[in-house]
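Spelled out from the first residue to the last, the chains are:
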Amino acid sequence: MRWTDTHCHLNHPDLYPEWQAALFRAQQSGVERLILIGYDLESSRRAVELAAQSGALYAAVGIHPHDAAQCDADALATLRELAQQPRVVAIGEIGLDFYRDLSPREAQYAAFHAQMQLAQSLGLPVILHCRDAYDELLGVLAEYPTVQGVLHCFSGTAAHAQRGLELGYYLGIGGVITFKSAEPLRAIVQSVPRDRLLLETDAPYLAPHPYRGKRNEPAYLPLIAQQVAALWEVPLETLSALTEANVTRLFTGM
């Protein structure tokens, strides 16, 4: 039985100094593969560098909506170069965040479109961040019908989930599924098609119960898997086979 953490940040300052130890702990828990997600140019470079050092690691490169203002022509050229390096399997995390609004919305849209176009031109899937902007984000995704990807840390409504699935996207499910307040999300996950769900930790963020409020780690992915398996009423071995097949289908080369 094996697992893939499809969204974590060993390239983040909270985990990078001990990335090798964190990877070891993950592998001891059965998490054999990890996708390290970039959120700005520095973290994207670091993701690529780490992926080059371990056969268990893969990278995604992108500029988060919080940093959309830095997504100029030079940054996009750098991202294109990084995206073509070995073991890079996606563009991300990209998207829209109207909750914190740390970048002007006009800049968020511009960066989002530019990176969707980059993914389209390179034939790569996208890893999407969305907060308080699902209607707007899904509208943008509809403009790029040849691009696939994952709605990371999905927190939308059942209608948003259905529209995302119709557009060919996967739902990324992490530690929030274990929170007491997550009944609406659990109801959505119960009805998600078995071939459209991915597991993730978002480490060092959003640790699952009973570690909520503490630093998250890829090693905690099995706690998320246990919750999803219970919702689907399947053995862990079955969930592992299903989600691993989904990883291979979406991320070419894994």
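Notes on the structure follow.

Now for the overall build of the chain. The number of helices and strands found in the chain is nine helices and eight strands. Relative to its length of 254 residues, the chain is compact, with a C-alpha radius of gyration of 17 Å against a globular reference of 18 Å. Across its three principal axes, the chain shows a C-alpha extent of roughly 45 × 40 × 30 Å. Buried positions account for 58% of the 254 residues belonging to the chain. Within the chain, contacts between residues separated by at least 24 positions form 71% of all contacts whose residues are at least 6 apart in sequence. Entry remark: accessible area of the chain is about 10500 Å², with carbon and sulfur atoms responsible for 49%.

Time to look at the side chain of threonine 243. For threonine 243, the position within the fold is in helix H9 (residues 236-250). Here threonine 243 is in contact with Trp3, Leu197, Leu198 and Leu199, once residues within four sequence places are set aside.

Another aspect to go through is the packing of helix H3 (residues 73-83) against helix H4 (residues 105-122). Interhelical geometry of H3 versus H4 gives an angle of 30° and a closest axis separation of 11 Å. Judged by the twist between their axes, the crossing of H3 over H4 is right-handed. From H3, Leu76, Leu79, Arg80 and Ala83 reach across to H4, where they touch Ala114, Gln115, Leu118, Ser121 and Leu122. When its residues are assigned to classes, the contact of H3 with H4 shows six nonpolar, two polar and one charged.

Attention shifts here to the pattern of salt bridges. For the structure shown, the criterion picks out eleven salt bridges. As a salt-bridge pair, arginine 2 and glutamate 32 come within 3.0 Å of each other at their nearest N and O atoms. With arginine 2 in the segment before strand S1 (3-8) and glutamate 32 in strand S2 (residues 31-37), this residue pair connects regions lying 30 residues apart in the sequence. The class of arginine 2 is partly exposed, set by a relative accessible area of 33%. Between arginine 33 and glutamate 244 there is a salt bridge, and its shortest N-O distance comes to 2.9 Å. Here arginine 33, found in strand S2, pairs with glutamate 244, found in helix H9; they are 211 residues apart in sequence, far enough to count as distant. Take arginine 33: its relative accessible area is 8%, and that puts it in the buried class. Overall, the relative accessible area of 9% leaves glutamate 244 in the buried class. By sharing partners, the salt bridges in this structure join Arg2, Glu32, Arg33 and Glu244 into a single network.

Two elements in contact, helix H7 (residues 183-191) and helix H8 (residues 221-232), have axes separated by 9 Å at closest approach and are oriented at 65°. Considering how the two elements wind past one another, H7 and H8 form a crossing that is right-handed. Contacts between H7 and H8 involve Arg186, Val189 and Gln190 from the former and Gln227, Val228, Leu231 and Trp232 from the latter.

With that settled, consider unusual backbone geometry. Cis peptide bonds are those with omega within 30 degrees of zero, and the linkage from glycine 92 to glutamate 93 qualifies with 10°. Considering the arrangement of structural elements, one finds glutamate 93 in strand S4 (residues 88-97). The omega angle of the peptide bond from histidine 209 to proline 210 is 10°, so this bond is cis rather than trans. With respect to the element layout, proline 210 can be found in the loop between strand S8 (197-199) and H8. Backbone geometry at aspartate 132 places phi at a positive 55°, although glycine is not the residue there. Looking at the element boundaries, aspartate 132 is found in the loop between strand S5 (126-131) and helix H5 (134-141).

Looking at the secondary structure, you find glutamate 200 in the loop between S8 and H8. The class of glutamate 200 is buried, set by a relative accessible area of 1%. Residues glutamate 200 and threonine 4 lie 196 residues apart in sequence; the distance between their C-alpha atoms is 7.6 Å. Not counting residues up to four positions away in its chain, the partners in contact with glutamate 200 are Asp5, Thr6, His7, His152, Cys153, Gly172, Ile173, Gly174, Gly175, Leu221 and Ile224. Within the structure, glutamate 200 has its side chain in polar contact with the side chain of histidine 152 (distance 2.7 Å). Within the local environment of glutamate 200, its side chain forms a polar contact with the backbone nitrogen of cysteine 153, the two atoms lying 2.9 Å apart.

Conventions we followed
Residues numbered from 1 in each chain as written. Predicted model: local features only at pLDDT ≥ 70, side-chain atom pairs only at ≥ 80, totals over all residues. Heavy atoms only, no water. Helix = DSSP H or I, 4+ residues; strand = E, 2+ residues; numbered from the N terminus. Rg over C-alpha atoms; globule rule 2.2 N^0.38 Å. Buried < 20%, exposed > 50% of the residue type's maximum accessible area, 1.4 Å probe, protein only. Contact = heavy atoms within 4.5 Å. Areas by Shrake-Rupley, 256 points an atom, 1.4 Å probe, with all protein chains shown as cover. Axes fitted to C-alpha atoms, helices over the stretch in contact; angles between N-to-C directions. Left-handed = near helix turned anticlockwise from the far one by under 90°. Nonpolar A, V, L, I, M, F, W, Y, C, P; charged D, E, K, R; others polar. Salt bridge = Lys/Arg side-chain N within 4 Å of Asp/Glu carboxyl O. Polar contact = N/O pair within 3.5 Å; in protein donor to acceptor, adjacent residues only side chain to side chain.

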